[in-house]
Amino acid sequence: MRLANNMLSQRTALVDISALRSANPDHWMRATAIRALTLDAVAAANSGHSGMPMGMADAATVLFEKHLKFDAKAPHWPDRDRFILSAGHGSMLLYSLLYLTGNPDITLDQLRAFRQWGAKTAGHPEYGHAAGIETTTGPLGQGIATAVGFAMAEEIQRAQFGRKIVDHHTYVIAGDGCLMEGVSQEAIGLAGRHQLGRLIVLWDNNNITIDGTVDLSDRTDQVARFKASGWHVQEIDGHDPAAIDAALTAAKASKRPSMIACKTHIALGHAAQDTSKGHGALTDAAQLAAAKAAYGWPGGAFEVPTEVKAQWEAIGTRGAAEHSAWAGRLAALPAAKRAEFERRYALEVPKKLASTIRALKKQVSDTTPKVATRKSSEMVLEVVNPIMAETVGGSADLTGSNNTKTGDLGMFDIENRKGRYIYWGIREHGMAAAMNGMALHGGMRPYGGTFMAFTDYARPAMRLAALMRIPSVFVMTHDSIGLGEDGPTHQPVEHLAISRATPNTWVFRPCDTVETAEAWELALSTKQTPSVLSLTRQNVQTLRTEHKTRNLTAQGAYVLAEATGKRQAILIATGSEVEIAMAARAALEAQGIGTRVVSMPCMELFAEQDESYRKKVLPAGPVRVGVEASVRQGWDRWLLGERGREAKAGFVGMEGFGASAPAEVLYEKFGITAQAVAEKVKSLL
């Protein structure tokens, strides 16, 4: 204990803990409840990150006590302020706040079970584990980027429903790591450009990363950076409650997004204060006891004095009156407007959606247009967006190529908050993260476009959408070598496999406008699954010429064309290659080889079908050949599994990267042709 106290006195030479305690004793004890619970939980788990919650406890306490609009007993209240812990490694800050304020999901037992199997208190905050966790964070930068979408959603809905129903802020705590990640600049630039004045970021300016001090790897003037991006910026002592309060008040008064640089000490009051060791798990019992003694904190592990807990619970009920008043205002809305608000937040689709999709399918089957599926997607959006005012579209500077804008949307901008189309600029990652924020905010159905190859840029946010089980829609056009002359830098070959390998993701690769319409219907109807729409640049024929009211894409795969004689081969294809499979079928049938064509627009949905249906589509016996202008990875389940055999299975697709040439030349040179498919079948018979 003596050694621990000596180390503590050296590390805190520049921080007078006793002065902090005496200057604001009630505040100090409330903030110290966060520090003590953090130390206890990390010690119990022998794992975690102690330093950030200990350093930012003062800022969080002032925020929750005096500024955050919330009702702890009603954490799903639509007009609550959102609090996002971008520095998700400091999850015990959030868990402590939720427990202290009386959130029903986070009990003391949950804190004791921090980072353990089945606990709601995961190592990093996970959306869906407990109410009050607004988004999953941990991958640094994601929180601040997602927050931009939260703030945009608030602006749009305030314009649509009025301030009496939607009028709240989005608060973020971000660390040095969040601001080093490149996505943070995409987010900062977007927020500044659109003057998202309801977005307030508190930067934990502690100058420490895992490897050491920040200057080991960075010299960015963050204050100047935010100012240059159009933000309102303040610099304060992050341990002075009066300064924190004043800064938050000023930030709320600004019409620009705000960044408050909070100069803090990581692991405040601990022997590891102001060191990289303070970032991680502080589990030494003597050092823990010394820190609590310095804090003046009574009691044992996980013990919070009754009066301190009561003060925090009072903070948790502070918003109950405003919540009740808001509920009265919602009830006073005209019945149709109130029903629309509630429908959107329940993620229920309008009753008109199914009939609208059916009508479009019928029209397409009758007129058989030959268009790229990116154009097909636009045709769908043209009829869907007018009846679903919760959709918000956009593109990462590829609007004309992605076909994501329809005439009714209007551009979201400073002077038009009702606009539902966002020009994201060349910011695929920031776009995808902000889309997630809109979906998480509630009452929104975001979709955004770029080229399929550039899912690489959006990938971290796409993965989080799947992990969080939210229905963001990623419109990915130019989906193969079929894009032609732009060459292998833009031609995706591995990206379908990457997307399909992601759990809880629907990857749609429709063959024509009918399948595209069905894919959109599914993507806009799900409540828990993000979708990737993989769409062509080149024109494709309408293959679904016989109108069916049923959504066949919902089955994942189905028989598009049956063998006319004895079935000897099954061709399984997706997207633009279904047309090739149909041509190969015609050639094989002409030679007396009965051939079935299976269109497989969504492998994930086909995998969810019962065994009897899958067996009906892919029976044992016939030769199977998969056809797709991508790598084979992921295909063997359908070629070798599901009653298939290696000796009777083949694949026609890509084995490496593409090249720069016209699309038709590329298909011929890479051997993705009807003739090649027919020859592959015959070689296996």
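Residues numbered from 1 in each chain as written. Predicted model: local features only at pLDDT ≥ 70, side-chain atom pairs only at ≥ 80, totals over all residues. Heavy atoms only, no water.

## Describing the overall build of the chain
Helices and strands together make up the secondary structure of the chain, namely 28 helices and 18 strands. Since a compact globule built from 685 residues should have a radius of gyration of about 26 Å, the 28 Å found for the chain is in line with a globular shape. Once the C-alpha set of the chain is aligned to its principal axes, its extents read approximately 95 × 60 × 45 Å. Long-range pairs, those at least 24 residues apart, make up 79% of the contacts in the chain with a sequence separation of at least 6. Considering the chain, the positive charge centre built from 74 side chains and the negative charge centre built from 71 side chains are found 5 Å apart. (Helix = DSSP H or I, 4+ residues; strand = E, 2+ residues; numbered from the N terminus. Rg over C-alpha atoms; globule rule 2.2 N^0.38 Å. Contact = heavy atoms within 4.5 Å. Lys, Arg positive; Asp, Glu negative; His and termini not counted. Charge placed at Lys NZ, Arg CZ, Asp CG, Glu CD.)

## Here we look at the sheet that holds strand β12 (residues 531-534)
A sheet is described by the order of its strands in space; here 6 strands give the open sequence β8-β7-β9-β10-β12-β11, paired in parallel fashion. This sheet does not close on itself; its edge strands, each paired only once, are β8 (421-423) and β11 (506-508). Adjacent strand axes in the sheet meet at a mean angle of 20° when their direction is disregarded. Taken together, the 4 bridges between strand β10 (residues 473-477) and β12 define a ladder with parallel strand orientation. Opposite valine 473, over in β12, you have serine 531 as the bridge partner. In this fold helix α20 (residues 455-468) packs onto β9 (445-451), β10 and β12, with an angle of close to 155° to the strand it touches most, β10. (Pairing = 2+ DSSP bridges. Axes fitted to C-alpha atoms, helices over the stretch in contact; angles between N-to-C directions.)

## With respect to the packing of aromatic side chains
This structure, assessed with the given rule, holds 17 aromatic pairs. Their ring planes at 65° and their centres at 5.9 Å tell us that tryptophan 28 and tyrosine 295 sit as a pair that is edge-to-face. Here tyrosine 295 lies in helix α12 (residues 285-295) and tryptophan 28 lies in helix α3 (residues 25-45), a separation of 267 residues in the sequence. Under the relative-accessibility criterion, tryptophan 28 is labelled buried at 2%. Between tryptophan 635 and phenylalanine 651 the ring centres are 5.6 Å apart and the planes differ by 50°, which places this aromatic pair in the tilted class. Taken as a pair, tryptophan 635 in the loop between β17 (623-627) and α26 (636-639) and phenylalanine 651 in strand β18 (residues 649-652) lie far apart in primary sequence, 16 residues in all. Judged on exposure class, the residue tryptophan 635 and its partner phenylalanine 651 are both buried. (Phe/Tyr/Trp six-rings, centres within 6.5 Å; stacked < 30°, edge-to-face > 60°. Buried < 20%, exposed > 50% of the residue type's maximum accessible area, 1.4 Å probe, protein only.)

## Quick word on the pattern of salt bridges
Taken as a whole and assessed by the stated rule, the structure comprises 39 salt bridges. A salt bridge links glutamate 322 to arginine 329, with the shortest nitrogen-to-oxygen separation between them at 3.0 Å. Residue classification places glutamate 322 among the partly exposed residues on the basis of a relative accessible area of 30%. For arginine 329, a relative accessible area of 26% corresponds to the partly exposed category. When salt bridges with common partners are traced through the structure, they connect Glu154, Glu155, Arg158, Arg163, Asp167, Arg198 and Arg417 into a single cluster. (Salt bridge = Lys/Arg side-chain N within 4 Å of Asp/Glu carboxyl O.)

## Brief notes about the state of the cysteines
A covalent bond between the sulfur atoms of two cysteines is what we call a disulfide. Applying the stated criterion across every chain yields a total of 0 disulfides. For cysteine 511, which is in no disulfide, the shortest distance to another cysteine sulfur is to cysteine 602 and amounts to 13 Å. Note on cysteine 511: relative accessible area 1%, which makes it buried. (Disulfide = S-S within 2.5 Å.)

## A closer look at the confidence of the model for the chain
Looking at the chain, pLDDT values average 97 and 98% of them are 70 or higher. Overall, residues 1-13 carries pLDDT values under 50, and its contacts beyond four positions in sequence, including any with other chains, amount to 23 contacts. (pLDDT = per-residue confidence, 0-100.)

## Some remarks on the environment of aspartate 109
Mapped onto the secondary structure, aspartate 109 falls in helix α6 (residues 108-112). Here aspartate 109 falls in the exposed class, since its relative accessible area comes to 54%. A sequence separation of 12 residues divides aspartate 109 from threonine 121, and the C-alpha atoms of the two residues are 9.9 Å apart. A polar atom in the side chain of aspartate 109 sits 3.0 Å from the side chain of arginine 112. (Polar contact = N/O pair within 3.5 Å; in protein donor to acceptor, adjacent residues only side chain to side chain.)

## Let's talk about helix α14 (residues 320-331)
Between its terminal C-alpha atoms α14 stretches 17 Å, which fits the 16 Å expected from 12 residues at 1.5 Å a residue. Within α14, burial applies to His323, Trp326 and Leu330. Buried residues of α14 fall within an arc of 60° about the axis and therefore sit on the same side. Buried-residue contacts for α14 involve α15 (335-345). (Expected span 1.5 Å × (residues − 1). Arc of directions from axis to C-beta.)

## Examining the sheet that holds strand β2 (residues 170-175)
The parallel open sheet is built from 5 strands, whose spatial order is β1-β2-β3-β5-β4. This sheet does not close on itself; its edge strands, each paired only once, are β1 (82-85) and β4 (232-237). Put simply, the sheet's adjacent strands are angled 20° from each other on average, direction ignored. The pairing of strand β3 (residues 199-205) with strand β5 (residues 258-263) spans 6 bridges and is classified as parallel. Of the residues in β5, the one forming a bridge with aspartate 204 is cysteine 262.

## As for the packing of helix α16 (residues 352-367) against helix α22 (residues 513-525)
At a minimum axis separation of 9 Å, α16 and α22 run at an interaxial angle of 170°. When the interaxial angle is binned, α16 and α22 end up roughly antiparallel. From α16, Leu353, Ala354, Ile357, Leu360, Lys361, Val364 and Ser365 reach across to α22, where they touch Thr513, Val514, Ala517, Glu518, Glu521 and Ser525. By residue class, the composition of the contact of α16 with α22 is 7 nonpolar, 3 polar and 3 charged. (Parallel < 35°, antiparallel > 145°, perpendicular 65-115°, else oblique. Nonpolar A, V, L, I, M, F, W, Y, C, P; charged D, E, K, R; others polar.)

## Structural notes on the packing of helix α19 (residues 428-441) against α20
As a packed pair, α19 and α20 sit with axes 6 Å apart at the nearest point and diverge in direction by 20°. By the criterion of interaxial angle, the relationship of α19 to α20 is roughly parallel. Crossing geometry of α19 relative to α20 is assigned as left-handed. Of the residues in α20, those in contact with Glu428, His429, Ala432, Ala433, Asn436 and Leu440 of α19 are Tyr457, Ala458, Pro460, Ala461, Leu464, Ala465 and Met468. (Left-handed = near helix turned anticlockwise from the far one by under 90°.)

## Comments concerning the pairing of β4
Every regular strand shows the same layout, with side chains that alternate between the two sheet faces. As judged from the 6 bridges shared by β4 and β5, these two strands associate in the parallel manner. Note on β5: the bridge partner recorded for isoleucine 236 is cysteine 262. Between the parallel elements β4 and β5, the chain passes through helix α11 (residues 241-253) in a crossover that is right-handed. (Right-handed = clockwise from strand over helix to strand, strands pointing away.)

## Examining the side chain of arginine 614
The topology assignment puts arginine 614 in helix α25 (residues 611-617). In terms of polar contacts, arginine 614 uses its side chain to reach the backbone carbonyl oxygen of glutamine 609, at 2.6 Å. Contact partners of arginine 614, with chain neighbours within four places excluded, come to Phe606, Ala607, Gln609, Glu642 and Arg643.

## Topic: the side chain of serine 50
With respect to the secondary-structure elements, serine 50 resides in the loop between α3 and α4 (51-67). A distance of 3.2 Å separates the side chain of serine 50 from the backbone nitrogen of leucine 282, its partner in a polar contact. Setting aside anything within four residues of it in sequence, one finds serine 50 in contact with Thr38, Val42, Gly278, His279, Gly280, Ala281 and Leu282.

## Focus on α22
With 13 residues, α22 extends 18 Å from end C-alpha to end C-alpha; this agrees with the ideal 18 Å at 1.5 Å per step. Of all 13 residues that make up α22, 12 are buried, and the element is covered over most of its length. Thr513, Val514, Glu515, Thr516, Ala517, Glu518, Ala519, Trp520, Glu521, Leu522, Ala523 and Leu524 are the residues of α22 that are buried. Two to three positions downstream of the cap, the backbone nitrogen of valine 514 sits 3.2 Å from a side-chain oxygen, assigning the N-cap of α22 to aspartate 512.

## Describing unusual backbone geometry
Unusually for a residue other than glycine, alanine 267 sits at a positive phi of about 55°. For asparagine 403, which is not glycine, the phi torsion reads 60° and is therefore positive. Relative to the helices and strands, asparagine 403 resides in the loop between α18 (399-402) and β8.

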